[in-house]
Structures are given as C-alpha cells and as structure tokens.
Amino acid sequence: MKTKWFARKGIFFLPVSLIGWILSVIAIAYCVYAFIDIDSRSHSASDTLINFVFIALIVAVVYSIIAFFTSRENT
C-alpha cells in the first residue's frame, strides 16, 4: 500500500484520501442506522443508549485498527 488513508492527529485519525473518507462515512452511517434501529425497539432512553454504546464502541475499535494500519508510511 503506497498511499496513506488516514493521518494521526493526537489520539484521532483523520481521513486524508478518498478511501479514508469513504470508510469514515460508512462508519458514521452505520452508527446512525444502528441508533435508529435500536431506538425503534427500545422502551426507554436509557435502554437505547446502553445498547447503542456497545455497537458504537465496536465500530470505533474497528475504525481505529484500520486507521492505525493504514496511516503508517511503508518503507
């Protein structure tokens, strides 16, 4: 892989290429979809948030792993 998809700024990974932006949009879109889906089946606000936080953490971990490995320069 010759191009960097993400650039590290502190603890965050910001997209710097088209593929990075596409992955970021997909991650955000999935989180929005998951929130709407969970909210339609839950009985209270706390029920929605408890179930959503778990999914959001999984998405954040996968995003961070992908960004970590695609932000380094290959030698």
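Re helix H1 (residues 18-41)
Here comes step 1: For H1, with 24 residues, the first-to-last C-alpha span of 35 Å sits near the 34 Å given by 1.5 Å per residue.
Here comes step 2: What H1 keeps buried is the set Gly20, Ser24, Ala27, Cys31, Ala34 and Ile38.
Here comes step 3: Elements that come into contact with the buried residues of H1 comprise strand E1 (6-9), strand E2 (12-15) and helix H2 (45-70).

Some details on the packing of H1 against H2
Here comes step 1: Running from amino to carboxyl end, H1 crosses H2 at an angle of 165 degrees, the nearest separation of the two axes being 9 Å. With respect to their mutual orientation, H1 and H2 come out roughly antiparallel. For the element pair H1 and H2, the recorded crossing hand is right-handed. Across the interface between the two elements, Leu23, Ser24, Ala27, Tyr30, Cys31, Ala34, Phe35, Ile38 and Asp39 of H1 pack against Thr48, Leu49, Asn51, Phe52, Ile55, Ala56, Val59, Tyr63 and Ile66 of H2.
Here comes step 2: Looking at the contact of H1 with H2, its residues break down into 14 nonpolar, three polar and one charged.

Focus: the confidence of the model for the protein
Here comes step 1: Put simply, the protein has an average pLDDT of 89, and 93% of its residues get 70 or more.
Here comes step 2: Looking across the protein, the model is least confident in E1, with a mean pLDDT of 88, and most confident in H1, with 94.

Some points on the packing of aromatic side chains
Here comes step 1: The final tally for this structure, using the stated rule, is four aromatic pairs.
Here comes step 2: Note on Phe35 and Phe52: the rings are 5.3 Å apart at their centroids and 85 degrees apart in plane angle, and the pair reads as edge-to-face. Of the two residues, Phe35 sits in helix H1 while Phe52 sits in helix H2, which places them 17 residues apart along the sequence.
Here comes step 3: Since its relative accessible area comes to 31%, Phe35 is described here as partly exposed.
Here comes step 4: Since its relative accessible area comes to 18%, Phe52 is described here as buried.
Here comes step 5: Relative to Phe69, the ring of Phe68 has its centre 5.2 Å away and its plane inclined at 75 degrees; by these criteria the two rings are edge-to-face.

A closer look at the pattern of salt bridges
Here comes step 1: Going through the model one piece at a time under the given rule, you end up with one salt bridge.
Here comes step 2: Between Asp37 and Arg41 there is a salt bridge, and its shortest N-O distance comes to 3.0 Å. Residue Asp37 and its partner Arg41 are both found in helix H1; the two are separated by four residues, about one turn of the helix.
Here comes step 3: What makes Asp37 partly exposed here is its relative accessible area of 28%.
Here comes step 4: Overall, Arg41 belongs to the exposed group, its relative accessible area being 56%.

Each value, and the rule that gives it
Residues numbered from 1 in each chain as written. Predicted model: local features only at pLDDT ≥ 70, side-chain atom pairs only at ≥ 80, totals over all residues. Heavy atoms only, no water. Helix = DSSP H or I, 4+ residues; strand = E, 2+ residues; numbered from the N terminus. Expected span 1.5 Å × (residues − 1). Buried < 20%, exposed > 50% of the residue type's maximum accessible area, 1.4 Å probe, protein only. Contact = heavy atoms within 4.5 Å. Axes fitted to C-alpha atoms, helices over the stretch in contact; angles between N-to-C directions. Parallel < 35°, antiparallel > 145°, perpendicular 65-115°, else oblique. Left-handed = near helix turned anticlockwise from the far one by under 90°. Nonpolar A, V, L, I, M, F, W, Y, C, P; charged D, E, K, R; others polar. pLDDT = per-residue confidence, 0-100. Phe/Tyr/Trp six-rings, centres within 6.5 Å; stacked < 30°, edge-to-face > 60°. Salt bridge = Lys/Arg side-chain N within 4 Å of Asp/Glu carboxyl O.

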